[in-house]
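Per-entry structural report
The residues making up each chain are set out below.
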Amino acid sequence: MSAKKEGAPAGRKVSRTHLRGTATRGKRRPRYVLKLYVAGVNRKSTEAIRAITELCDEYLKGRYQLAIIDIYQQPTLAQGEQIIAAPTLIRKLPLPLRMLVGDMTERDRILVGLDLRPPS
Amino acid sequence: MTKVQSPRVKLRGIRKCPTGIRGLDEITEGGLPRGRATLVCGGPGCGKTLLATEFIARGILDFGEPGVFVSFEEPIGDLTANVASLGIDLSDLRKRGLLAMDEVRVERSEIEESGEYDLDGLFIRLGGLIDEVKAKRVALDTIDGLFDGLPNEAILRAELRRLFRWLKAKGVTSIVTAEQGDGALTRHGLEEYVSDCVIRLDHRVKSQIATRRLRVVKYRGSQHRTNEYPTMINSKGLSVLPITSLGLSYPVSKARISTGIRKLDSMLGGKGYYLGSSILVSGSAGTGKTSLAAAFADSACRAGRKCLYVSFEESPEQLLRNMASIGFDLKHWIPRALLQFRSQRVTLYGLENHLANLHQWVEEFSPSTVIMDPITSLGGEGLIDEVEAMLTRTIDYLKGRGITAFFTTLSKSAQAEGSEVSISSLIDTWLHLRTFESGGERSRGLVVIKSRGMAHSNQVREFLLTDKGVTLRDPYVGSGQVLMGSSREVQEARDRDGAAEAKQGFEKNQGEMEGARQRLEAEIAAMRLRLKNLGGEMKAADDRERLRATRLSQERRQLRISRKAD
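Small disclaimer: the values here were computed from a predicted structure and weren't measured.

Residues and elements named next belong to chain B. In this model helix H9 (residues 289–302) runs 20 Å from its N-terminal to its C-terminal C-alpha over 14 residues, within 8% of the 20 Å that 1.5 Å per residue would give. Within H9, 13 of the 14 residues are buried, which leaves the element mostly enclosed by the surrounding structure. Of the residues trailing H9, Gly304 is marked for its positive phi of about 75°.

Structure, rendered in structure tokens:
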């Protein structure tokens, strides 16, 4: 089921769950639950993973939970979460649900999308 | 040395994937291009989703090809409920592992873009579904949903191009539906990508009558019919009515069927209509068109032939009552499944629905005779063209099946040639009814305007509706004019009187002459008698003379003796 032009190398998995920081309940600032869906290993996937982990460490240190899921490995998850594009970042918490698509290179848009910085 | 195999190119057209949708396979000459994508476009409510759903469901049910349905618009639950009314149970097909369904929701309000992306998520989901049921058919309905959700059109276009290539590579036959755009086939120009086959659905309203149309805009590598075809959605789903060309190749029957009126049979060469021919009865209001139709229905049932009676003006009950009053008891044919009535108001549906309904009834009941009474009411104002087209198709359809078609039409003018619907060239037997007004009353007259393939009467007959049935009177051909009704009676009475007079005159004459003859004969007899008497007298005189001479000589002798003379 190779949808990608290059396809996913069989040997390497991207699917790993990162649990950065602990589930400490911030006094005022909400806790973030994020899921990043990528499709195999490619430039867009690695770019997105790098950008998001950096951003989380910078803005959400100690109050976020990030799961990175390869939809090639778990196609059923893509269905449940209404994933159509890759990479897709979903903000499960805080509500409302937010969905960001792209390789996360536009940091400003991510910050606005995640309500980490009020739109200028 | 390796043997070089000569490339044996098999010249074979593209393979087809039958849709199972009535009529569509005919106009595409076999179905959609197998292993390729077909774009179905049209405005809202024109039946795109239904076409896609039927394609998948009929593929599973009729052709054993599992399918995948991805909805970008409607929730799966709604879809399942919608097609349940057509007798298609999607949830059952899913349970049996023959159908995989997915719902793709893209909410623009929830989605933010940040950098480049692709639609791998969709590909993977689709791929998963295809593998899950080993699908041969895929439907994506309506792909425009993606454009609404994802703002970056450049990426989307590139990805859709990839999607269609990918679907082709997967070897699945797919239907992609898209909304119609202003002045273009689709709103987002999808026809650029899906270029193998494009079908356009249309729903238009003219004179308050809505008709659905379907057109195969393009079909690469295959012949297809290019016209717009009326389409309808009914309880059996979508059907396309592909009969527009009069393919003049019907089987022709020499067998005849009685008109139900003995005298009319004799006007039509003594045997009635041809089986499988088309018959038109025209006439102004109240001339007895329906009665002729009922007579024919009765005759068909009597011959054991199934008859479908489509009435656009009267309810079956009313029709039965009225026809019973002129001696046609049609009611008892109904339980014997020889006669079926279908009544519907013309205004109830569009023309194409009427046609499609007719098709459905014909297919269900398989009659050998179809009566449509009257066809003129089908046409509203300014719809004559459409009615003509529809009737052409109807006649073609019925003829193609060897069904005897009987139509009545109301003509506004008394002249037959002014028949409202100019389908006369398609009609084999055309009877015209008209009324004659004279002497303060109207009488019905019937004339055979044409009847192909038989010697038919050219007389205007008087047409009588009695409580014992319909009958035609022999034409009055007395004093050089056609007379009907009372004036005819009067003329006939007058003629009878005249004849009696003449007879009397003749008899009188005869008597006189006989008398004269007898007198003459008596005279002759008298004269003969006289002649006879005359003969007798002559002989007597002769005798007397001889006697006298004898006596004289005797006397002389005796005298001589006595005188003793010597």
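All right, on to the interface of chain B and chain A then. With 30 residues of chain B at the contact, the number on the chain A side is 31 residues. Across the chain B/chain A interface, buried area totals approximately 2,600 Å², and carbon plus sulfur atoms make up 54% of it. Three residues, Glu112, Ser114 and Ile124 of chain B, lead the burial of chain B against chain A; their summed loss comes to 25% of the area buried on that side. Linking chain B with chain A are three salt bridges. Of the charged contacts, one joins Asp118 of chain B and Lys44 of chain A as a salt bridge, the two residues approaching to 3.3 Å between their closest N and O atoms. Between chain B and chain A we count 18 residue pairs in polar contact (both at pLDDT 80 or more) in total. At the level of secondary structure, the elements contributing two or more residues to the side of chain B that touches chain A comprise strand E5 (99–103), strand E6 (111–113), helix H5 (120–133) and helix H7 (153–170) of chain B. Per element, the largest residue contribution to the side of chain B that touches chain A is 10 residues, and it comes from H5 of chain B. The class makeup of the residues in the side of chain B that touches chain A is 13 nonpolar, five polar and 12 charged.

Our next topic: the packing of aromatic side chains. Residues and elements named next belong to chain B. Taken as a whole and assessed by the stated rule, the structure comprises five aromatic pairs over all chains. Their ring planes at 90° and their centres at 5.0 Å tell us that Tyr273 and Phe296 sit as a pair that is edge-to-face. Residue Tyr273 is found in strand E14 (residues 273–274), and its partner Phe296 is found in helix H9; the two are separated by 23 residues along the sequence. Here Tyr273 and Phe296 have matching classes, each one buried. The interplanar angle of 40° and the centroid separation of 5.1 Å between the aromatic rings of Tyr309 and Phe341 together place this pair among those described as tilted.

This brings us to the sheet that holds strand E23 (residues 469–473) of chain B. Residues and elements named next belong to chain B. The sheet built from nine strands is open, its strands ordered E17-E16-E18-E19-E15-E20-E21-E22-E23 with mixed pairing. Two strands bound the open sheet, and with one partner strand each, they are strand E17 (339–343) and E23. Strand-to-strand twist across the sheet, computed as the mean angle between neighbouring axes with direction ignored, equals 20°. In the sheet, strand E16 (residues 307–311) pairs with E17 via five bridges, with the strands oriented parallel. Each residue of the ladder has a partner; that of Val310, found in E17, is Arg342.

What follows concerns the environment of Glu314 of chain B. Residue and element names in this part refer to chain B. Positionally, Glu314 belongs in the loop between E16 and helix H10 (316–325). Relative accessible area serves as the criterion here: at 17%, Glu314 is assigned to the buried category. Here the alpha-carbon distance between Glu314 and Arg345, two residues 31 residues apart in the chain, equals 8.7 Å. If we skip the residues at most four places from it in the chain, Glu314 touches Thr290, Leu319, Asn322 and Ser343.

On to the pairing of strand E7 (residues 137–141) of chain B, then. All names here are of chain B. Where burial is concerned, most of E7 is hidden: five out of the five residues are buried. Burial along E7 is two-sided: the face carrying Arg137, Ala139 and Asp141 and the face carrying Val138 and Leu140 are both buried. Bridging between strand E4 (residues 67–71) and E7 involves five bridges; their strand directions are parallel. Within E7, the residue paired with Ser71 across the bridge is Asp141. Inspection of the sheet shows E7 paired to strand E8 (residues 173–179) by four bridges, in the parallel sense. Across the sheet, residue Ala139 finds its bridge partner in E8, namely Ile175.

What counts, and where the lines are drawn
Residues numbered from 1 in each chain as written. Chains lettered and ligands numbered in written order. Predicted model: local features only at pLDDT ≥ 70, side-chain atom pairs only at ≥ 80, totals over all residues. Heavy atoms only, no water. Helix = DSSP H or I, 4+ residues; strand = E, 2+ residues; numbered from the N terminus. Expected span 1.5 Å × (residues − 1). Buried < 20%, exposed > 50% of the residue type's maximum accessible area, 1.4 Å probe, protein only. Contact = heavy atoms within 4.5 Å. Buried area = accessible area lost by both parts, 1.4 Å probe. Salt bridge = Lys/Arg side-chain N within 4 Å of Asp/Glu carboxyl O. Polar contact = N/O pair within 3.5 Å; in protein donor to acceptor, adjacent residues only side chain to side chain. Nonpolar A, V, L, I, M, F, W, Y, C, P; charged D, E, K, R; others polar. Phe/Tyr/Trp six-rings, centres within 6.5 Å; stacked < 30°, edge-to-face > 60°. Pairing = 2+ DSSP bridges. Axes fitted to C-alpha atoms, helices over the stretch in contact; angles between N-to-C directions.

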